[in-house]
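# Secondary and tertiary structure notes
One-letter residues, chain by chain:
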Amino acid sequence: MSELFQDLAFGPADILLPQGCEYGKWAVVACDQYTSQPEYWQRVEEYVGTAPSALRLILPESCLDGPSVETDIMEINNTMARYLREGRFRTLPDALIYVERTLHSGAIRRGLVGKIDLEQYDYEPGSDTAIRATEGTVMSRIPPRVAVRKNAPIELPHVMLLCDDPEKTVMEPLAARKDRMELLYDFDLMENGGHVAGWLVDEDGKAAVSAALRALNSREAFQARYGLKEPMPVLQFAVGDGNHSLATAKECYERQKKLTNQNKWAELPARYALCEVVNLHDESLEFEPIHRVVFDVKVKDLLDALRQAFPGTHDGEGEGHVLRYVWAEGEGAITVPHPGQQLAVGTLQTFLDSYVKEHGGSIDYIHGDDVARDLGRRPGNLAFLLPPMGKSELFPTVIHDGVLPRKTFSMGEANDKRFYLEARRIR
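Residues numbered from 1 in each chain as written. Predicted model: local features only at pLDDT ≥ 70, side-chain atom pairs only at ≥ 80, totals over all residues. Heavy atoms only, no water.

### Quick word on the overall build of the chain
Using the following cut-off: Secondary structure elements follow DSSP: runs of H or I no shorter than four residues count as helices, runs of E no shorter than two count as strands, and numbering proceeds from the N terminus. Taken over C-alpha atoms, the radius of gyration is set against a globule rule of 2.2 Å times the number of residues to the power 0.38. Three labels apply to residues, based on accessible area from a 1.4 Å probe with only protein chains included: buried if under 20% of the type maximum, exposed if over 50%, partly exposed otherwise in between. In this description, contact between two residues means that some pair of their heavy atoms is separated by no more than 4.5 Å. Areas reported as accessible are Shrake-Rupley estimates using a 1.4 Å probe. Residue values count occlusion only from the protein chains shown. We score Asp and Glu as negative and Lys and Arg as positive, and we do not count His or the chain ends. The atom standing in for a charge is NZ when the residue is Lys, CZ when it is Arg, CG when it is Asp and CD when it is Glu.
Counting its secondary structure elements, the chain contains twelve helices and 23 strands. For 427 residues, the compact-globule formula gives about 22 Å, and the C-alpha radius of gyration of the chain, at 22 Å, lands near that figure. When the backbone C-alpha atoms are referred to their principal axes, the chain occupies close to 60 × 55 × 45 Å. Classification of the 427 residues of the chain by burial places 56% in the buried group. Expressed as a percentage of contacts within the chain between residues at least 6 apart in sequence, the contacts between residues at least 24 apart total 76%. By element, 48% of the accessible surface of the chain is carried by carbon and sulfur atoms, the whole surface being about 18,500 Å². Taking the 48 positively charged and 65 negatively charged side chains of the chain as two groups, their mean positions are separated by 4 Å.

Encoded structure:
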């Protein structure tokens, strides 16, 4: 980290930007989107064609279980190396990029791209590091991602971190000075992804960001913001999107540490990970629920098991956790009174994990009501439509209770997710 950002968990990075290519074909959406809609990725494949693209540098999660996954990963690594040899990237040394993403709704989401120190991040429940996960990490999802990353020469992030900055002191002031900064990119994204523009933050801007982060994350400000009576470790950032990708980066770094003398750890490129920081209080930021769709089950049997799983459960909406569902024969709701979990998603996830383990079937996590409804209406499927979580609940919950149930919330719908654009060397 540069001196300005010493001891902070986030700071500037040597950022790689593609050059000599069409950005509209280069940038593609996060790999963990549209996992049950292969037709989306087929359209992207046809649109990109033979053009240089981040599509050639990532593996959509819908392909992780494919028959040629090892060959696919090898081809990705080879393409990364080839793009580096060909000078496909421009290097921005010690850089922060201020980003404005115009969403499909027309709202603008402001962000700041830089790197985090993985020594200050831990995804384990109950961790007290400066950067913490917001959801439970599914350990079985880490090895296939490690396989993609472990030999990769560069990373392309879709990780978005949240800072709790109600007074809007960190990145929002950059909007007022963007006319004095170098415009790096400004283009429309594919597949109704909206528009994105990015500016290289100048030295005065970096100094302002550093000062704002230090003030925001002082122990005194932290204690006051959350009304803490006893001193607690400061939570600087919570992971909003890309929890498993960041956990994968952490795992790869930990592996390299075992092979490296401790006094060289700070020099390891893998110690850091490129991320975009977004203010939790950005007006464009809406927490969308992540719905559950269960595939290849006997729907009536599953609903009967759900009714029997919790005392007092009844059909229809009432007091407690209301679990609304859609299937081939219609829609309905089941209410679980006096639930043992804080959130409806926790009640449902506990049941579904147990049911699928015993009876078979599979669960997918779906962004968007319409997509979930469409999938749920197909024979043998069942969709549960979950309510959104309030933004103000996030940081206090992580501070006091640890991680939320996995896939509790999403920051916007699938086409509003982060698109791959910037990159960074990790070897």
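After that view of the structure, there is still more to cover.
### What to know about the environment of Leu213
Secondary-structure assignment places Leu213 in helix H6 (residues 203-216). Along the chain, Leu213 and Asp165 lie 48 residues apart, while their C-alpha atoms are 9.2 Å from each other. Residue contacts for Leu213: discarding those within four places in its chain leaves Phe5, Leu8, Phe10, Val170 and Phe237.

### Section: the state of the cysteines
A covalent bond between the sulfur atoms of two cysteines is what we call a disulfide. This is how it is decided: Two cysteine sulfurs form what is called a disulfide whenever their separation falls within 2.5 Å.
Summed over the entire model, instances satisfying the criterion amount to zero disulfides. Between Cys163, a cysteine without a disulfide, and Cys275, which holds the nearest cysteine sulfur, the sulfur-to-sulfur distance is 13 Å. According to the relative accessible area criterion, Cys163 is buried, its value standing at 0%.

### A few points about the pairing of strand E19 (residues 362-367)
Note the threshold: At least two bridges found by DSSP between two strands are what make those strands a pair.
In terms of residue burial, E19 counts as a mostly covered element, since five of its six residues are buried. In this structure, strand E15 (residues 287-295) lies alongside E19, joined through six bridges in antiparallel fashion. Residue pairing across strands places Arg292 opposite Tyr365, the latter belonging to E19.

### Some thoughts on the environment of Cys31
Along the chain, Cys31 falls in the loop between strand E3 (28-29) and helix H2 (38-48). Sequence spacing of Cys31 and Met232 is 201 residues, and the spatial spacing of their C-alpha atoms is 35 Å. If we ignore the near neighbours within four places in the chain, the residues touching Cys31 are Trp41, Ile58, Leu59, Pro60, Glu61, His158 and Tyr420.

### Structural notes on the packing of aromatic side chains
How we decide: In summary, the pairing rule links any two rings of Phe, Tyr or Trp, Trp by its six-membered ring, whose centres are within 6.5 Å, and it sorts them by plane angle into stacked for under 30 degrees, edge-to-face for over 60 and tilted for everything else. Both a distance and an angle decide whether a charge sits over a ring: NZ of Lys or CZ of Arg must be within 6 Å of the ring centre and within 35 degrees of the ring normal.
Applying the stated criterion across every chain yields a total of 15 aromatic pairs. Residues Tyr121 and Tyr123 carry aromatic rings whose centres are separated by 6.3 Å and whose planes lie at 50° to one another, so their mutual orientation is tilted. Considered together, Tyr121 and Tyr123 belong to a single accessibility category, that of buried residues. Positioned above the aromatic ring of Tyr83 is the side chain of Arg88, whose terminal nitrogen or guanidinium carbon lies 5.9 Å from the ring centre. Positioned over the ring face of Tyr272 is Lys115, at 4.2 Å from the centre of the ring.

### Structural notes on the pattern of salt bridges
A side chain with one charge can pair with a side chain of the opposite charge if their charged atoms come near. This is how the line gets drawn: Every case where a carboxyl oxygen of Asp or Glu lies within 4 Å of a side-chain nitrogen of Lys or Arg is listed as a salt bridge.
Evaluation of the coordinates by the stated rule reveals 26 salt bridges. In this structure, the salt-bridge partner of Glu203 is Lys206, at a minimum N-O distance of 3.0 Å. Here Glu203 pairs with Lys206, and both are found in helix H6, just three residues apart, close to one helical turn. Three or more residues are tied together by salt bridges with common partners; here these are Glu119, Lys250, Glu254 and Lys257.

### A few points about the side chain of Arg101
Residue placement: Arg101 occurs in strand E5 (residues 97-102). Despite its burial, Arg101 remains without a salt bridge, the nearest opposite charge being carried by Asp416 at 4.7 Å. Ignoring any residue separated from it by four or fewer positions in sequence, one finds Arg101 in contact with Ala107, Ile108, Arg109, Leu189, Gly193, His195, Val196, Asn415, Asp416, Lys417, Arg418 and Phe419.

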